Amino acid sequence: MDCWAFCNATSYKIKPLQEALRTRWKTNLYRDVLHAEIAITGGVCHAFYFTYGALVVWGCKQEQALEFLAQAKEFAAQNTEEIETDEFTYVYGETSKIVDDEISLPNSEVLTKLAVSHGIAQSVKLGVFETALQKIFNNTKQIPEDLAHKGKISLSRREIRRKMGELFIERASINLHMDVLDTPEFFWEYPELEPYYKMMANYLDISTRVEVLNQRLDVVHGLFEMLGTELNHQHSSRLEWTIICLIVIEVVLALMRDVFRWI
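Remember, it's a predicted structure, so these values are computed and weren't measured experimentally.

Trainee: In this structure, what is going on with the packing of helix 3 (residues 110–140) against helix 7 (residues 194–203)? I would like to understand it.
Mentor: At a closest axis distance of 8 Å, the pairing of helix 3 and helix 7 adopts a crossing angle of 30 degrees. Classified by the angle their axes make, helix 3 and helix 7 are roughly parallel. Two packed elements cross with a definite hand, and for helix 3 against helix 7 that hand is right-handed. Of helix 7, the residues touching helix 3 (which contributes Thr112, Ala115, Val116, His118, Gly119, Ile120 and Gln122) are Tyr196, Tyr197 and Met200. Among the residues making up the contact of helix 3 with helix 7, the classes are represented as six nonpolar, four polar and no charged.

Trainee: Is there a simple way to think about the environment of Ala132 in this case?
Mentor: Here Ala132 lies in helix 3. A relative accessible area of 17% means that Ala132 is categorised as buried. Separated by 50 residues in the primary sequence, Ala132 and Glu82 have C-alpha atoms spaced 9.9 Å apart.

Trainee: I'm lost on the pattern of salt bridges in this one. Help?
Mentor: Two side chains carrying opposite charge are able to pair once their charged atoms lie near each other. Under the defined criterion, the tally for this structure stands at seven salt bridges. Here Arg31 and Glu189 are joined by a salt bridge, their closest N and O atoms 2.9 Å apart. Of this pair, Arg31 sits in the loop between strand 2 (26–30) and strand 3 (33–40) while Glu189 sits in helix 6 (residues 186–189), and the two are 158 residues apart along the sequence. Judged by its relative accessible area of 45%, Glu189 is partly exposed. Close ionic contact of Glu130 with Arg209 constitutes a salt bridge, the shortest N to O distance being 3.0 Å. Residue Glu130 is found in helix 3, and its partner Arg209 is found in helix 8 (residues 206–259); the two are separated by 79 residues along the sequence. Residue classification places Glu130 among the partly exposed positions, given a relative accessible area of 21%.

Trainee: Would you explain the side chain of Ser117 in this entry?
Mentor: Along the chain, Ser117 falls in helix 3. Of the polar contacts made by the side chain of Ser117, one reaches the side chain of Trp58; its length is 2.7 Å. Excluding residues within four positions of it along the chain, Ser117 makes contact with Phe48, Phe50, Val56 and Trp58.

Trainee: Help me understand a nonpolar patch on the surface, please; the structure alone is not making it clear to me.
Mentor: There is a patch of nonpolar side chains on the surface, built from Trp241, Ile244, Val248 and Val252 and spanning about 380 Å² of accessible area. With respect to the element layout, Val252 can be found in helix 8.

Trainee: Is there a simple way to explain helix 2 (residues 62–73) in this structure?
Mentor: Residues separated by three or four positions in an α-helix point in the same direction, a consequence of the helix having 3.6 residues per turn. Between its terminal C-alpha atoms helix 2 stretches 17 Å, which fits the 16 Å expected from twelve residues at 1.5 Å a residue. For helix 2, every residue scored as buried is listed here: Ala65, Phe68, Leu69 and Ala72. Buried residues of helix 2, seen end-on, are gathered within an arc of 100 degrees and therefore sit on one face of the element. For helix 2, the elements touching its buried residues are strand 1 (2–9), helix 1 (14–21), strand 3, strand 4 (43–50), strand 5 (54–58) and strand 6 (79–92).

Trainee: Is there a simple way to explain the packing of helix 3 against helix 5 (residues 157–177) in this structure?
Mentor: The geometry of a pair of packed helices is captured by two quantities: the angle between their axes and the separation between those axes. Interhelical geometry of helix 3 versus helix 5 gives an angle of 165 degrees and a closest axis separation of 11 Å. As the angle between them shows, helix 3 and helix 5 are arranged roughly antiparallel. The two elements helix 3 and helix 5 meet at a crossing, and its hand is left-handed. Residues Phe129, Ala132, Leu133, Ile136, Asn139 and Thr140 of helix 3 form the contact with helix 5, whose participating residues are Lys163, Leu167, Glu170, Ile174 and His177. Broken down by class, the residue content of the contact of helix 3 with helix 5 amounts to six nonpolar, three polar and two charged.

Trainee: In this structure, what is going on with the packing of aromatic side chains? I would like to understand it.
Mentor: For any pair of aromatic rings, the description consists of the separation of the ring centres together with the inter-plane angle of the planes. Taken as a whole and judged by the stated rule, the model has nine aromatic pairs. With a centroid separation of 6.4 Å and an interplanar angle of 90 degrees, the aromatic rings of Tyr30 and Phe186 are classed as edge-to-face. With Tyr30 in strand 2 and Phe186 in helix 6, this residue pair connects regions lying 156 residues apart in the sequence. Here Phe186 falls in the buried class, since its relative accessible area comes to 2%.

Trainee: Would you explain the nonpolar core in this entry?
Mentor: Taken as a class, soluble globular proteins show a tendency for nonpolar side chains to be buried jointly. Counting residues in each nonpolar core, the largest one holds 48 residues, and the members touching the most others are Phe50, Trp58, Ile103 and Ile120. With twelve residues, helix 3 is the single largest residue contributor to this core. Not counting chain neighbours up to four residues away, the residues in contact with Trp58 comprise Asp2, Cys3, Cys45, His46, Phe48, Tyr90, Ile103, Leu105, Lys113, Val116, Ser117 and Ile120. Tyr12, Leu34, Cys60 and Ala72 belong to the second-largest nonpolar core, a separate cluster that totals 24 residues.

About the cut-offs
Residues numbered from 1 in each chain as written. Predicted model: local features only at pLDDT ≥ 70, side-chain atom pairs only at ≥ 80, totals over all residues. Heavy atoms only, no water. Axes fitted to C-alpha atoms, helices over the stretch in contact; angles between N-to-C directions. Helix = DSSP H or I, 4+ residues; strand = E, 2+ residues; numbered from the N terminus. Parallel < 35°, antiparallel > 145°, perpendicular 65-115°, else oblique. Left-handed = near helix turned anticlockwise from the far one by under 90°. Contact = heavy atoms within 4.5 Å. Nonpolar A, V, L, I, M, F, W, Y, C, P; charged D, E, K, R; others polar. Buried < 20%, exposed > 50% of the residue type's maximum accessible area, 1.4 Å probe, protein only. Salt bridge = Lys/Arg side-chain N within 4 Å of Asp/Glu carboxyl O. Polar contact = N/O pair within 3.5 Å; in protein donor to acceptor, adjacent residues only side chain to side chain. Patch = residues over 30% accessible without salt bridge, like charges linked within 9 Å, V, L, I, M, F, W, Y side chains within 5 Å. Areas by Shrake-Rupley, 256 points an atom, 1.4 Å probe, with all protein chains shown as cover. Expected span 1.5 Å × (residues − 1). Arc of directions from axis to C-beta. Phe/Tyr/Trp six-rings, centres within 6.5 Å; stacked < 30°, edge-to-face > 60°. Core = buried A, V, L, I, M, F, W, Y, C linked by side-chain atoms within 4.5 Å.

Below, the structure is given as structure tokens:
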């Protein structure tokens, strides 16, 4: 059986989404997660909509999972440019484990799937952050290279301001949503389910990826400060040249008036 994960939005409006889905399917609202139990040909699938814009679907084909994702799109606060996707298979066994993207669950309980889904959802959300930072690095890699080779940044003041705005927006967006990568509060109520989440989080290397993400955010912060320094330098340089020009004009006028008596 298949398990699909997507992240296509900054966040979902969970309450309106629940109102829309409950007319067709059985729904339950857990802490920051909406669960929908959906009857399909041959059985039942379970969809978990997370407030931070991620969806994890168990027990259906990709085409059906994408339909469930499309239904949530109108309840998204802000859609991402690209949809982050992940795929797993799962079986039921005596113990819980993950080998080669195959999840073995000890039972078919909804809460067990939800506990594992928390780790999967965090992973695709993290993937969105990683993609956003990679785009920043691709779009700005020329800046430190110019500084290293030419000793200055080959951008106008307007272009520097635009780059600073882009950096600030992306950095602020990621910082505002970094808390979704912490251990979910859901496990305060169900601590016995936390091992399933930790199993998934360890498999997907979430802690290490979060650490790398924070390091990259520090690099972005440094780049932001460097652009700010360059902008101040350009402003100071412009003021200096303006003052020099004014002095030259004053000297020329003084010569014309006092020495050559032209004015």
